[in-house]
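# A structural walkthrough
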Amino acid sequence: MKCLLTVVMLTVCAAAPEDLTGKMFSFPQETKTDHVKLITTRDEFKAITVCLRSFTDLSRNHGIFSLATPTFANAFLIFKKTASDQIEVNARNKGTSLFGQEYKLNTWQSVCASWDGTTGLVQIWVDGKPSSRRYCSDGTLSGHTLITLGQEQDSHGGGFDPQQTFVGMIADVHMWDFVLSPCEIQRFVDDLNFSPGNVINWRALQYEIVGKILLEDKQGACSCLIKKKVPNIFSQSCQA
Ligand SMILES: [Ca+2]
């Protein structure tokens, strides 16, 4: 009984919301197991927008955000293809490639993607630059929602491929159950007073870490302390 109580308490603790402002998840290695689960009780969607900031040196393909339901392993997936300018958005197991984006290595960038189940259109924004609005799949999503960062689900909560592991850092993850307007996307990109996600909210995040993934202070270009001490040298590259 005591063990059972401990298990129940640990489960509750793992799911308590945390404000991760100023933090990031570091994904330091390629594995077939390590990932972060983002927890929501929502299990029905007619539209989705996801925004996050990521940093990576990967030139191979990799998953950026993976949402699965019992029916669709790729219910909503943001997937960077090997081609440097190609990102795929999946909805209801259908993938649509979007081209011509400047996905940069070794720098923080904002990635937002949306899907509208009424029209079936998907769109992405990399650092606020929109893609074309392309048809993907219309309909709805329902059933137990499982969201992973670091691994791309090929089944509901599993089917991980180490060759598609995300390696790098991810921060500021938000998810809404509607399509954000271009102005709202820009407010996220500029980190200006945007309304946090009503499904996943980085400022009140329920998550669980599986494996060697670290929650750390978010790194900028350099510290403000250095900027103050040596203003002439560092003022160009420092982030306030
Ligand atoms: Ca896969």
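Everything in this summary refers to the structure shown in the same document. (Residues numbered from 1 in each chain as written. Predicted model: local features only at pLDDT ≥ 70, side-chain atom pairs only at ≥ 80, totals over all residues. Heavy atoms only, no water.)

Here we come to the packing of aromatic side chains. Throughout the structure, instances matching the rule amount to seven aromatic pairs. Consider the rings of Phe 65 and Phe 76, whose centres lie 6.3 Å apart with planes at 70°: the pair is edge-to-face. Residue Phe 65 is found in strand β5 (residues 62-68), and its partner Phe 76 is found in strand β6 (residues 76-80); the two are separated by 11 residues along the sequence. Both residues of the pair, Phe 65 and Phe 76, belong to the buried class. With a centroid separation of 5.1 Å and 70° between ring planes, the pair formed by Phe 188 and Phe 194 is classed as edge-to-face. Like Phe 188, the residue Phe 194 is buried in the burial classification. Feature note: the residues Phe 25, Phe 27, Phe 166, Trp 202 and Tyr 207 constitute an aromatic cluster, connected by ring pairs. (Phe/Tyr/Trp six-rings, centres within 6.5 Å; stacked < 30°, edge-to-face > 60°. Helix = DSSP H or I, 4+ residues; strand = E, 2+ residues; numbered from the N terminus. Buried < 20%, exposed > 50% of the residue type's maximum accessible area, 1.4 Å probe, protein only.)

To continue, consider the coordination of the calcium ion. Every protein donor of the calcium ion is listed here as Glu 152 (OE), Asp 154 (OD), Asp 154 (OD) and Gln 164 (OE1), and their distances to the metal cover 2.2 to 2.6 Å. Mapped onto the polypeptide sequence, the residues donating to the calcium ion form the spacing pattern E-x1-D-x9-Q. (Donors = N, O, S within 2.8 Å, 3.2 Å for Na, K, Ca; no water.)

Among the nonpolar cores identified, the biggest contains 46 residues, and Phe 25, Leu 38, Phe 65, Phe 76 and Met 175 are the most heavily contacted of them. Of all the elements, strand β15 (residues 168-176) adds the most residues to this core, at five residues. With nine residues, the next largest nonpolar core counts Cys 51, Cys 112, Leu 180 and Phe 188 among its residues. (Core = buried A, V, L, I, M, F, W, Y, C linked by side-chain atoms within 4.5 Å.)

A positive phi angle, close to 50°, is found at Asp 127, a residue other than glycine. Among the secondary structure elements, Asp 127 is positioned in the loop between β10 (121-126) and β11 (129-130). With relative accessibility at 32%, the residue Asp 127 sits in the partly exposed group.

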